[in-house]
Amino acid sequence: MRKAFNKELLKIAKKDPRIFMILADIGYGEIEEFAETFPDRFINCGVAEQNMTGVACGVAMEGNIAVTYSIANFPTLRCLEQIRNDVCYHDANVKIVIIGGGMAYGELGISHHSTEDITIMRALPNMVVLAPCDKAETVALTDAMMAYDGPVYFRCGYKGEPDLHSGPVKVKIGGSLRLRDGKDATVFFAGTVGINARKAVEELAKEGIECRLVSLYSVKPVDKQAILRAAKETGGIVVLEEHNICGGVGSAVAEVLMDEGAGAVPFKRLAMPDVNATKVGCQAWMRDQYGLGVKDVIAAVREIVKNRRRSSK
Amino acid sequence: MNDEQLKTCRELAKKVRIHCLKMVHKGKSGHIGSMLSMADILPVLYTQILNTAPASPKKPDRDRFILSKGHGGAALLATLAELGFFPLSWLDEYYCDNGKLSGHISHHIPGVEFSTGSLGHGLPVACGMAMAAKQAGKKHRIFCLVSDGDLDEGSSWEAVMLAAQHHWDNLVMLVDYNRLQALGKSRDIIDLESLKEKLEIFNWAVREADGHDQNAIFEVLRDLPLCNGKPSAVIFHTVKGKGVSFMENNYKWHYGGLTDELLAKAIKEVEAAK
């Protein structure tokens, strides 16, 4: 996915001279072509994310579009106040791109797990939060992000993630994509963990449970209508995210349901428990360990469907 | 500066000091010491050095000025109001419910280039503006006024290193070096000495001046950059609370506490000054 992002960014930057890339010594093997093609629009600030973000803001204040790019929490939590006070308060045209959302860098340990980022980024006024699930969404959302005038947080995956979409997709900020329809429940997800959601709904279909499957790639603003339709039309909602359970995608969905008077719908969040992930393993293994596995989605949907059948008897 | 220019600067400094005292008193706010510390620098900057225009505060070729020590923002607001960037009456609404002016400066006010309040933010943003100006071949300059406390922040030094690395000689850092910070003397908290040598070692061109001698302020800023190919730093030796005897060099005046009686005494002193 990071390759898809960098390729698309380069393509856009060839047409738009306002685009700058502001780095903090991360991006080996990916950013070189941008640096070589646009040396005057590229800067490596050294290992200094606060400065990277401040510089990006200053560049953007002059009518440009600045992209910061780094691993996991480095361009977000390390420089959170620069994002809040400088970028968001000034509504500066800065795009904050992380590589390795969730536990993509599983074995590296919690310093490299981005598992509170969505909560924190979506709490910032003026910030848009995007989380593509595969290469097709990455390309389309990169276009949407660069066309949007204002701060965006882009939670990219790492590399080698499977495709969930079979070809190019159309997206918009505030939108969502339905990958499959069903009447028994809806499984929402955001980001690359969506692969587990898809496997789960395929398994559930074999036992006669038909799920709607929706990528909530735009976590903020979130697609309210898609959420409310899911509640009304499918009668049950499961939200899967590779993130701490406090305040992430599941919370965003729950907020809509409660605010809009649809809170009675059976609902389950599948997110990481509010603990530090001390286990060591690859992303897929870690997902299973922390309640984000295929079996967890299946169990959550089955529970909703079972309870509904019991109560309707 | 000729006599006329100097007179303009002196009178403006006096007005800025009186505005700040009244604003802080009315709003029951703090940071008066920090405002008075730079009250001689801002008038020289805004009337003699910066290319700015009160009628068109966003004109593209303006020199950018970022006040990184945003807590002293009332001094900048008073300067801008006196020069006509916005009505003087706005100063009466400082730090008040539904007032136009907050305790730390906001870019929503005409003439304020960038909002600050948390230290260590100004210089990185100024670096970004310097980079963008260089890339676009523009000739305007970027000034950033920092405090002792600003230079405790790691982000300031990240920016110091980057600016020198890229030879941004369109960037000028002004240091309001009053050697006091929130809880005492900088020397006893984080000693920045020798600041000049430190910045020189970091490849900046550095000069020092008396930050209350407006002729000296003008002389040191009239020919910039100080050295082609290097960012410029001017260390202004200043006195926190300058102009009010009971405030000078007393870090207590980083905070509030300006009573009616003390306000009258302070204004009397400022008005009596030459």
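All of these numbers come straight from a predicted model, not from anything done at the bench.

A. Region of the structure containing the domain arrangement of chain A. Residues and elements named next belong to chain A. By the assigned domains, chain A splits into domain 1 (2-155) and domain 2 (177-312). For domain 1 versus domain 2, the separation of C-alpha centres amounts to 27 Å. In this complex, domain 1 contributes 23 residues to the contact, which on the side of domain 2 involves 28 residues. Elements that contribute at least two residues to the side of domain 1 that touches domain 2 include exactly helix H5 (117-122), strand S5 (128-130) and helix H6 (135-147). Tallied by class, residues from the side of domain 1 that touches domain 2 come to 12 nonpolar, 6 polar and 5 charged.

B. Main features of the environment of Gly 257 of chain B. All names here are of chain B. You can see Gly 257 is positioned in the loop between strand S7 (232-237) and helix H10 (260-272). Overall, Gly 257 belongs to the exposed group, with 12 C-beta atoms counted inside 10 Å. Between the alpha carbons of Gly 257 and Ser 155 there is a distance of 32 Å; along the sequence they are 102 residues apart.

C. Looking closely at helix H9 (residues 214-221) of chain B. Residues and elements named next belong to chain B. Among the residues of H9, Gln 214, Ile 217, Val 220 and Leu 221 are the ones counted as buried. Looking straight down H9, one finds that the buried residues subtend no more than 130° of arc, so they occupy a single side. Taken together, the buried residues of H9 touch helix H1 (3-27), helix H3 (41-49), strand S6 (205-210) and S7.

D. Region of interest: the packing of helix H7 (residues 194-206) of chain A against helix H11 (residues 294-312) of chain A. All names here are of chain A. H11 packs onto H7 with a crossing angle of 50° between their chain directions and a minimal axis gap of 8 Å. In this view, H7 runs oblique relative to H11, as classed from their interaxial angle. For the crossing formed where H7 meets H11, the hand is right-handed. Touching Asn 196, Ala 197, Lys 199, Ala 200, Glu 203 and Leu 204 of H7 are Val 294, Val 297, Ile 298 and Val 301, all from H11. The residue makeup of the contact of H7 with H11, split by class, is 7 nonpolar, 1 polar and 2 charged.

E. Here's a closer look at the sheet that holds strand S10 (residues 218-220) of chain A. All names here are of chain A. Spatial strand order, S2-S1-S3-S4-S6-S5-S10: 7 strands in an open sheet with mixed pairing. At either end of the open sheet lies a strand with only one pairing partner, and these are strand S2 (42-44) and S10. Across the sheet, the axes of successive neighbouring strands diverge by a mean angle of 20°, strand direction being ignored. Direction of pairing for strand S4 (residues 94-99) relative to strand S6 (residues 152-155): parallel, over a ladder of 4 bridges. Residue Ile 98 lies in a different strand from S6, and its bridge partner there is Arg 155. The sheet strands contacting helix H3 (residues 49-61) are strand S1 (19-23), S2, strand S3 (65-71) and S4, and the helix crosses S3 at an angle near 165°.

F. Region of interest: the interface of chain A and chain B. The interface is formed by 23 residues belonging to chain A together with 18 residues belonging to chain B. Within the residue set of the side of chain A that touches chain B, elements represented by two or more residues are H3 and helix H4 (80-88) of chain A. Of the residues contributing to the side of chain A that touches chain B, the split by class is 9 nonpolar, 9 polar and 5 charged.

G. Structural detail: the pairing of strand S11 (residues 237-244) of chain A. All names here are of chain A. The buried count for S11 comes to 8 of 8 residues, which makes it a mostly enclosed element. In terms of strand pairing, strand S8 (residues 185-190) meets S11 through 5 bridges, oriented parallel. Within S11, the residue paired with Thr 186 across the bridge is Ile 237.

The rules behind these values
Residues numbered from 1 in each chain as written. Chains lettered and ligands numbered in written order. Predicted model: local features only at pLDDT ≥ 70, side-chain atom pairs only at ≥ 80, totals over all residues. Domains from an automatic or database assignment. Contact = placed C-beta atoms within 7 Å. Helix = DSSP H or I, 4+ residues; strand = E, 2+ residues; numbered from the N terminus. Nonpolar A, V, L, I, M, F, W, Y, C, P; charged D, E, K, R; others polar. Buried ≥ 20, exposed ≤ 12 C-beta atoms within 10 Å, placed from the backbone. Arc of directions from axis to C-beta. Axes fitted to C-alpha atoms, helices over the stretch in contact; angles between N-to-C directions. Parallel < 35°, antiparallel > 145°, perpendicular 65-115°, else oblique. Left-handed = near helix turned anticlockwise from the far one by under 90°. Pairing = 2+ DSSP bridges.

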